[in-house]
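Chain residues, written in single-letter form:
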Amino acid sequence: MAAARAIFNGMQRRAFSASARNLTKVTVLGAAGGIGQPLSLLLKLNGKITELALYDIRGGPGVAADLSHINTRSKVTGYEPTPAGLASALEGAEIVLIPAGVPRKPGMTRDDLFNTNASIVRDLAKACAESAPKAKLLIISNPVNSTVPICAEVLKAHGVYDPKRLFGVTTLDVVRANRFVSEIQNTDPKFEHITVVGGHSGVTIVPLFSQSRYPALSSNEALINRVQFGGDEVVKAKDGAGSATLSMALAASRMASALLRAATAKDKEKVIEPSFVDSPLYKDRGIDFFASKVQLGPDGVKEILPVGPIDANEEKLLEAALVDLKKNIEKGVAFVAENPPQ
Ligand code: NAD
Ligand code: LMR
């Protein structure tokens, strides 16, 4: 019995030191906020992460101290809100998640957040370009349709733009679509796989029910509207106290986990997640970023999957989405041209 325990302990120690050699640092910028805190908690529970770096303009070290008592192996560090603190939080990061910025209040669109969040994201993108040029960046801050192009422009200006490593997190739209469908069909949402394409705001969110097990749902206007404006439902219910935080934390953690899984996936294993990325799909119409299913690999984007067959209803939704998307992307690009980072 004692011999068996000694062998088991030895195996555990060997497994521990093997995984400790594969250091994986993940950084959250905006870690003390409504999304940042539950997201950091979920990341603390992810066994693939060895180091969690938390940065915020206020409260980062406190959140880190709290999470650091959780009995999982990763080390959690909170950084001071200084340029040096930000640089240290970023150095060596494999993945950087950015939920820094203000959320909506009732009556606002995501675009109404542009004036405040554009400069926050621009400045954080600059810090990423300088201190974590090889990291995969996951942008959560709204309006995602514009903040992702803002990041791309800043990274290009620093000569470190790799389109494979920049992602706008649109996972929440898919999470919602799966849940809302399961409520109608009385199914377990984990078996629903609704494709959602386009962008992340209002009519730019296009669920493709014709590709699902329930093609008739593509004419269910109430359901389509709920997926497109699900965020408003939460903003209204929170009544001035912000927007979705808990469901968003789950969605961003799912995206980060997928990227970490893809980093070590065997050849046959396909890791596919929806995401808003630099995409060839509508470039011929002047739209450089588009959300669709993306196959992930060790370097980030491995393959962007086509939209696939869609019905006449969805054609119309997609056309409307492309109009807004183009404007949102151009607004982000123009912002950086007119207001380059200092
Ligand atoms: P919040 O106000 O609760 O938290 C934001 C945090 O960012 C705060 O702690 C704040 O101190 C911090 N912050 C602000 N400027 C910063 C800077 N320069 N550097 C570091 N930290 C900074 O807001 P929230 O509810 O967590 O939402 C954050 C953003 O995420 C909003 O823009 C919201 O619209 C967006 N959001 C996106 C999705 C999505 O699906 N992509 C879903 C929900 C919310
Ligand atoms: C969401 O979809 O919940 C987020 O984009 C937040 C918002 O403003 O609706």
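Counting restarts for each chain, with residues numbered from 1 along the sequence as it is written. To label them, take the chains in the order written and letter them from A, then take the ligands in the order written and number them from 1. Where totals are concerned, whole chains, interfaces and linings use all residues; where local detail is concerned, this predicted model gives features only for residues with pLDDT of at least 70, and gives and counts side-chain atom pairs only at 80 or more. Computation of side-chain values covers all heavy atoms of the structure but excludes hydrogens and water.

Participant: Help me understand the site of ligand 1 in this model?
Facilitator: Here a residue counts as near a molecule or strand whenever at least one of its heavy atoms sits within 4 Å of it. Neighbouring ligand 1 are 29 residues, the closest being Gly 34, Ile 35, Asp 56, Val 102 and Asn 142. Here Gly 34 contributes a backbone N or O atom positioned 2.7 Å from an oxygen atom of ligand 1. Think of a polar contact as two N or O atoms within 3.5 Å of one another; within protein, one of them needs to be a possible hydrogen donor and the other a possible acceptor, and neighboring residues in sequence only count if both atoms come from side chains. Ile 35 is positioned such that a nitrogen or oxygen atom in its backbone is 2.9 Å from an oxygen atom of ligand 1. By the criteria applied, helices consist of DSSP H or I runs no shorter than four residues and strands consist of E runs no shorter than two, each listed in order from the N terminus. Top element by residues in the shell around ligand 1 is helix α5 (residues 114-131). It accounts for three residues. Each residue gets one label: Ala, Val, Leu, Ile, Met, Phe, Trp, Tyr, Cys and Pro are nonpolar, Asp, Glu, Lys and Arg are charged, and the others, such as Gly, are polar. Its residues assigned to classes, the shell around ligand 1 shows 17 nonpolar, ten polar and two charged. Note that the domain bounds were set by an automatic or database domain assignment. If you count residues domain by domain, the shell around ligand 1 takes at least three from each of domain 1 (23-169) and domain 2 (171-328).

Participant: Could you clarify how one ought to interpret the nonpolar core in this entry?
Facilitator: Side chains of nonpolar character tend, in soluble globular proteins, to be buried together. In terms of nonpolar packing, the biggest core is built from 50 residues, with Leu 29 and Val 96 touching the most fellow members. Sorting elements by how many residues they give to this core places α5 first, with eight residues. Mapped onto the domain boundaries, this core takes at least three residues apiece from domain 1 (23-169) and domain 2 (171-328). Should any heavy atoms of two residues lie within 4.5 Å, those residues are considered in contact. Those residues in contact with Val 96 that sit more than four places away from it in its chain are Thr 27, Leu 29, Leu 90, Cys 128, Ala 135, Lys 136, Leu 137 and Leu 138. What is meant by a nonpolar core is a set of buried Ala, Val, Leu, Ile, Met, Phe, Trp, Tyr and Cys residues, joined one to another through side-chain atoms within 4.5 Å. Note on exposure labels: buried denotes an accessible area under 20% of the residue type's maximum, exposed denotes more than 50%, and partly exposed covers the range between, all computed with a 1.4 Å probe on protein chains only.

Participant: Would you mind going over the site of ligand 2 with me for this structure?
Facilitator: The environment of ligand 2 is formed by Arg 104, Arg 110, Asn 142, Leu 172, Arg 176, His 200, Gly 231, Ser 243 and Ala 244. One of the side-chain N or O atoms of Arg 110 is found 2.8 Å from an oxygen atom in ligand 2. In the model, an oxygen atom of ligand 2 is placed 2.8 Å from a nitrogen or oxygen of the Asn 142 side chain. Against a free-state accessible area of 260 Å², the protein chains account for coverage of 95% of ligand 2. Residue burial considers only the protein chains on display, and all accessible areas are found by Shrake-Rupley using a 1.4 Å probe.

Participant: What's the story with the packing of helix α7 (residues 171-185) against helix α8 (residues 221-228) in this structure? I'm lost.
Facilitator: The axes of two packed helices give the description: the angle between them and the distance between them. Direction vectors running N to C along α7 and α8 enclose 150°, while the axes themselves pass 9 Å from each other. When the axes of α7 and α8 are compared, the pair comes out roughly antiparallel. Where α7 crosses over α8, the two elements pack in a sense that is right-handed. The residues of α8 that touch α7, namely those facing Asp 173, Ala 177, Phe 180, Val 181, Glu 183 and Ile 184, are Leu 223, Arg 226 and Val 227. Broken down by class, the residue content of the contact of α7 with α8 amounts to six nonpolar, no polar and three charged. Note on geometry: axes are lines fitted to C-alpha atoms, helical ones only across the stretch in contact, with angles between N-to-C directions running from 0 to 180 degrees. Orientation categories follow fixed angle ranges, with anything under 35 degrees roughly parallel, anything over 145 roughly antiparallel, 65 to 115 roughly perpendicular, and all other angles oblique. Take the far helix as your reference; a near helix turned counterclockwise from it by less than a right angle gives a left-handed crossing, and one turned clockwise gives a right-handed crossing.

Participant: Explain the side chain of Asp 278 to me, please; I cannot follow it from the model alone.
Facilitator: Here Asp 278 is to be found in strand β9 (residues 271-278). Residue classification places Asp 278 among the buried residues on the basis of a relative accessible area of 17%. There is a polar contact of 2.7 Å between the side chain of Asp 278 and the side chain of Tyr 161. A distance of 2.7 Å separates a polar atom in the side chain of Asp 278 from a polar atom in the side chain of Lys 283.

Participant: Could you clarify how one ought to interpret the state of the cysteines in this entry?
Facilitator: Only a pair of cysteine sulfur atoms within 2.5 Å qualifies as a disulfide here. Evaluated as defined, the whole model comprises zero disulfides. This cysteine, Cys 128, is not joined by any disulfide, and Cys 151 carries the nearest cysteine sulfur, 7.1 Å off. Residue Cys 151 is classed as buried on the basis of its relative accessible area of 0%.

Participant: Just to check I follow, could you spell out the packing of aromatic side chains for this structure?
Facilitator: Geometry of an aromatic ring pair is reported as the spacing of the ring centres plus the angle between the planes. The rule is short: rings of Phe, Tyr and Trp, with Trp giving its six-membered ring, pair when the centres are within 6.5 Å, and they are stacked under 30 degrees, edge-to-face over 60, tilted in between. Tallied over the full model, the rule gives three aromatic pairs. Here Arg 226 stacks its cationic end above the ring of Phe 180, 3.8 Å away from the centre of that ring. Criterion for a charge above a ring: Arg CZ or Lys NZ at most 6 Å from the ring centre, at most 35 degrees from the ring normal. Across the ring face of Phe 114, the terminal group of Lys 331 is positioned such that the distance to the ring centre comes to 4.7 Å.

Participant: How should the side chain of Thr 204 be read in this particular structure?
Facilitator: Locating Thr 204 in the fold gives a position in the loop between β7 (195-198) and β8 (205-208). At 2.7 Å, the side chain of Thr 204 forms a polar contact with the backbone oxygen of Ser 201. Discounting chain neighbours no more than four positions away, the residues touching Thr 204 are Asn 145, Val 197, Gly 198, Gly 199, Ala 321, Asp 324, Leu 325 and Asn 328.

Participant: Where do I start with the pairing of β8 in this structure?
Facilitator: Regular strands place side chains that alternate from one sheet face to the opposite one. Burial along β8 is two-sided: Ile 205 and Pro 207 facing one way and Val 206 and Leu 208 facing the other are all buried. When DSSP finds two or more bridges between two strands, those strands count as paired. Relative to β8, β7 runs antiparallel, the two being bridged by four bridges. Residue pairing for β8: Val 196 is matched across the bridge by Pro 207. The turn joining β7 and β8, which pair antiparallel and follow one another in sequence, is formed by six residues; a positive phi near 45° is taken by Gly 202.

Participant: Teacher, can you tell me more about the domain arrangement of the chain here?
Facilitator: It is common to report an interface's size as the accessible area lost on association of the parts. As assigned here, the chain comprises domain 1 (23-169) and domain 2 (171-328). Between the C-alpha centres of domain 1 and domain 2 there is a distance of 21 Å. Taken together, the contacts link 36 residues of domain 1 with 40 residues of domain 2. By convention in these notes, a salt bridge is any Lys or Arg side-chain nitrogen within 4 Å of a carboxyl oxygen on Asp or Glu. There are one salt bridge connecting domain 1 and domain 2. When the shortest N-O distance is used, the salt bridge between Arg 104 and Asp 232 registers 3.2 Å. Remark: the boundary between domain 1 and domain 2 carries 14 residue pairs in polar contact (both at pLDDT 80 or more). Listing elements by their share of the side of domain 1 that touches domain 2, those giving two or more residues are α2 (36-44), β4 (93-98), β5 (136-139), α6 (144-157) and β6 (166-168). No other element matches the six residues that α6 contributes to the side of domain 1 that touches domain 2. Residues of the side of domain 1 that touches domain 2, tallied by class, amount to 21 nonpolar, seven polar and eight charged.

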